[in-house]
Amino acid sequence: MDLRLARPDDGPSLTAIQSDGLAGGQASFREDALDWTEFEAGFDHLLVAEDAGRVLGFAGWAPTSARPVYAGVVEVSTYVATTAVGRGVGRALLSHVVAQSEVQGIWTLVAQIFPENEASLALHRSCGFRVVGTRERLGRMPYGPMAGIWRDVVMMERRAP
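Calculation notes
Residues numbered from 1 in each chain as written. Predicted model: local features only at pLDDT ≥ 70, side-chain atom pairs only at ≥ 80, totals over all residues. Heavy atoms only, no water. Helix = DSSP H or I, 4+ residues; strand = E, 2+ residues; numbered from the N terminus. Rg over C-alpha atoms; globule rule 2.2 N^0.38 Å. Buried < 20%, exposed > 50% of the residue type's maximum accessible area, 1.4 Å probe, protein only. Contact = heavy atoms within 4.5 Å. Areas by Shrake-Rupley, 256 points an atom, 1.4 Å probe, with all protein chains shown as cover. Lys, Arg positive; Asp, Glu negative; His and termini not counted. Charge placed at Lys NZ, Arg CZ, Asp CG, Glu CD. Axes fitted to C-alpha atoms, helices over the stretch in contact; angles between N-to-C directions. Parallel < 35°, antiparallel > 145°, perpendicular 65-115°, else oblique. Left-handed = near helix turned anticlockwise from the far one by under 90°. Nonpolar A, V, L, I, M, F, W, Y, C, P; charged D, E, K, R; others polar.

### Some remarks on the overall build of the protein
A tally of helices and strands in the protein yields four helices and seven strands. Its C-alpha atoms give the protein a radius of gyration of 15 Å, within 12% of the compact-globule value 15 Å for 161 residues. Dimensions of the protein along its principal axes, counting C-alpha atoms only, are 40 × 35 × 30 Å. Counting across all 161 residues of the protein, residues that qualify as buried make up 42%. Intrachain contacts of the protein at a sequence separation of at least 6 include 63% that bridge at least 24 residues. Total accessible area on the protein stands at roughly 8400 Å², and carbon and sulfur atoms take up 50% of it. Considering the protein, the positive charge centre built from 15 side chains and the negative charge centre built from 19 side chains are found 7 Å apart.

### Observations concerning the packing of helix α3 (residues 89-103) against helix α4 (residues 118-126)
The angle between the axes and the distance between the axes are what describe a pair of packed helices. One can describe the packing of α3 onto α4 by two numbers: an axis separation of 10 Å at closest approach and a directional angle of 45 degrees. Put simply, α3 runs oblique to α4. As for the relative orientation of α3 and α4, their crossing is right-handed in sense. Two secondary-structure elements touch here, α3 through Gly90, Arg91 and Leu94 and α4 through Leu123, His124 and Ser126. Residue classes in the contact of α3 with α4 are distributed as two nonpolar, three polar and one charged.

Shown next, in the form of structure tokens:
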């Protein structure tokens, strides 16, 4: 497995992987996956894991605010193709994102995760994130098997040493 920066030709794979993640209702309040233009505009850093020319997952960060005081605070996102779950793809991606964030002067990584997404919570803990709290009934799910249900969100963060 190789890790590299995402390229425009990865767009369809990224969209498909995110679509699969969203379909389960445990990845995001977002209903529709991003296209390449949205990925490129929304992420300051976007990494893919690739094996034999096939994208297995992606991870990256986006600023939490445009205000200068928050320039070192970013939100991370990690998605793994359903066919690649359990192969260490998520850990490889998120570990690399953590390392790159420190090289680039990012001091706080935040993640917002549904409490039912135990795999994502465990992944983030293994990469040095800690739970800072739970935002109760943060939003109402707009789609899928939990449509109309208010969802809690676990707030996690990782601070650079």
